[in-house]
Amino acid sequence: MKTVIVGAGLSGLTLAERILSSGNGEEVTVLEREDAPGGLARSFNIDGFHFDIGPHRFHTFNKDVDSYLLEILADCFISISRKSSVYMAGKYRNWPLTLTSVLNLPFPLLWKSFLDLFYKPDIPAVESFADFIRSRYGDNLYNFFFSGYTRKFTGIDAENLHVDWAQAGVNRAVIDKHVKSDSLFSLAKGLLLPKPVATQFYYPSKGGIQTFCDFQCGRIEETGGSIRYSTAVAGITSNNGVVSTVELKSGETIPADRVFWTAPITILYPETNLSFLNTLTANVALSSEIPSNDYQWCYFGQEDLIFSRLTVPRNFREDCVPSGRDSVIAEITCNSDSEFWKNPESIRDRLINDLESVGAIKRDDVIFIDWQRIPETYPVYTLDYKEKLSSVNVPRNLFLTGRSGSFWYNNMDHSIAQALSIVQGSDFKQDFWNER
Ligand SMILES: Cc1cc2nc3c(=O)[nH]c(=O)nc-3n(C[C@H](O)[C@H](O)[C@H](O)COP(=O)(O)OP(=O)(O)OC[C@H]3O[C@@H](n4cnc5c(N)ncnc54)[C@H](O)[C@@H]3O)c2cc1C
């Protein structure tokens, strides 16, 4: 059996590592466009500063994924308590919100949000992201934070985004699972009668988040698998609903009995007109520590700030920066035709001004800014995205999986879980996006 896996991110590497470790004698080849493994969980080490692509932490409620994480990391991990924040009304506030930080919100907003507890907008069918947020949290919090943040982050108005964006993004990333937050009322109750939230997560004890993928690569190569870097795939050839070869951009053709595809689905099915957002990251190295940067990451909803999130690597692990130094990672989501993407240096001054205005840096401390253009970071859930996905006709020996292959807003643990379930032969269906 010749298995070809497209993409050496968490999904592709977990598939390869598990298939090879089962010892069935399969020939496994992983094809990767970049010159290093990791995909969105890649890291960059520049002069002793470690930068991931934004904040990356391992957290899971799935026991199989948890065991797998610990098996691969062995004793090379640390366990950290989460400390995230949100910048609202000119101040850093703990996220999820605490009673103290809520009481410190500007009084008019606090009062109006309180009134929203008793008044719900009339939304007959919750179809868009805006419907979802307004029906749960009321118009005031929606207008104050979510509407602007969403427009800035996706470039699309919340009214034109599918409600799944909320399921994937808000439930998981913005609102903590431990805090019951399915309505403004339960949010208020949680604030008045708070239960301690101590979300622990794993992080490698050396290097950046990519260390996990590096360990997977070591195991793949030890068990006879092959990983080809700087090898971009252009497509597949199939006959009668069966894939026979994978085509490289170089013109080379690779025979395959089955293909696991974790690269963007749009490469295979451009006619769907599905789209992804890109992320430009600015990795900013600083000559001295900024004491106020005591969060691991912070969300910024203000439309006049260029970034939507900042990450502070030293709060993941102290030696992510050389002693006495500091760094921040600013994330700017954009499309390929944006000016930022084409010429990041053109926004250098604006970035420095914005970072200084929120107290995240002092401009004289900047040693360097390293720009990374990361394509296809977020699937865009327009209102018709499900119809577009269901128009895809998938050959029987082709498996679309991972964040970009399945067009689902996976975290690392979800990409690993998908791969484990494929290898175990359980639950996996090629049209699994219908069953979310
Ligand atoms: C800013 C940011 C922060 C995040 N934070 C967290 C977090 O804290 N915790 C968490 O669990 N998850 C987090 N995630 C999500 C996590 O990074 C992803 O879910 C996970 O890395 C996806 O892995 P994957 O293998 O499914 O996809 P990818 O990592 O996208 O892998 C796909 C691979 O395919 C390759 N590829 C693409 N095109 C081609 C081609 N034509 N030919 C060959 N190869 C190709 C890519 O280079 C890539 O290596 C974050 C994501 C982002 C963007």
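All of these numbers come straight from a predicted model, not from anything done at the bench. Positions within a chain are numbered from 1, following the residues in the order the chain's sequence is written. Restriction of local features to residues with pLDDT of at least 70 applies here, the model being predicted, together with a cutoff of 80 or more for giving and counting side-chain atom pairs; totals for whole chains, interfaces and linings are based on all residues. To obtain the side-chain values, all non-hydrogen atoms of the structure were used and water was disregarded.

Caption draft 1: Main features of the overall build of the protein. Per the convention used, a helix needs a DSSP run of H or I reaching at least four residues, while a strand needs a run of E reaching at least two, with both numbered from the N terminus. Along the protein, the regular secondary structure elements total 14 helices and 19 strands. Buried means the residue's accessible area, taken with a 1.4 Å probe over protein chains only, is under 20% of the maximum for its type, while exposed means over 50%, and partly exposed covers the values in between. Buried positions account for 57% of the 436 residues belonging to the protein. The contact criterion used is simple: two residues touch if any of their non-hydrogen atoms lie within 4.5 Å. The long-range share in the protein, meaning contacts at least 24 apart out of those at least 6 apart in sequence, stands at 74%. Total accessible area computed for the protein in this model is approximately 18,900 Å², and 50% of it derives from carbon and sulfur atoms. Computed with a 1.4 Å probe, the accessible areas rest on the Shrake-Rupley method; for each residue, only the protein chains presented here act as cover.

Caption draft 2: Just the site of the ligand, in detail. Residues in close proximity to the ligand total 37 residues, the closest being S11, E32, P55, H56 and N410. Under this definition, polar contacts are N or O atom pairs within 3.5 Å; protein pairs additionally need one hydrogen-donor-capable and one acceptor-capable atom, and for neighbouring residues in sequence, both atoms have to be side-chain atoms. Within the backbone of V233, an N or O atom sits 2.9 Å from a nitrogen atom of the ligand. In this structure, N410 approaches the ligand through a main-chain N or O atom, which is 2.7 Å from an oxygen atom. Contact with the protein chains hides 96% of the accessible area of the ligand, taken as 1,000 Å² for the molecule alone. Those elements that place two or more of their residues in the shell around the ligand are helix 1 (10-21), strand 18 (366-379), helix 13 (402-405) and helix 14 (412-423). Residue polarity follows a fixed list, in which Ala, Val, Leu, Ile, Met, Phe, Trp, Tyr, Cys and Pro are nonpolar, Asp, Glu, Lys and Arg are charged, and the others, Gly among them, are polar. Broken down by class, the residue content of the shell around the ligand amounts to 15 nonpolar, 14 polar and 8 charged. Residues from two domains meet in the shell around the ligand; each of domain 1 (2-44 + 62-80 + 206-274 + 384-435) and domain 3 (276-379) gives at least three. In this text, near means that some heavy atom of the residue lies within 4 Å of the molecule or strand in question. Where each domain starts and ends follows an automatic or database-derived domain assignment.

Any functional reading would require information that these geometric values do not contain.
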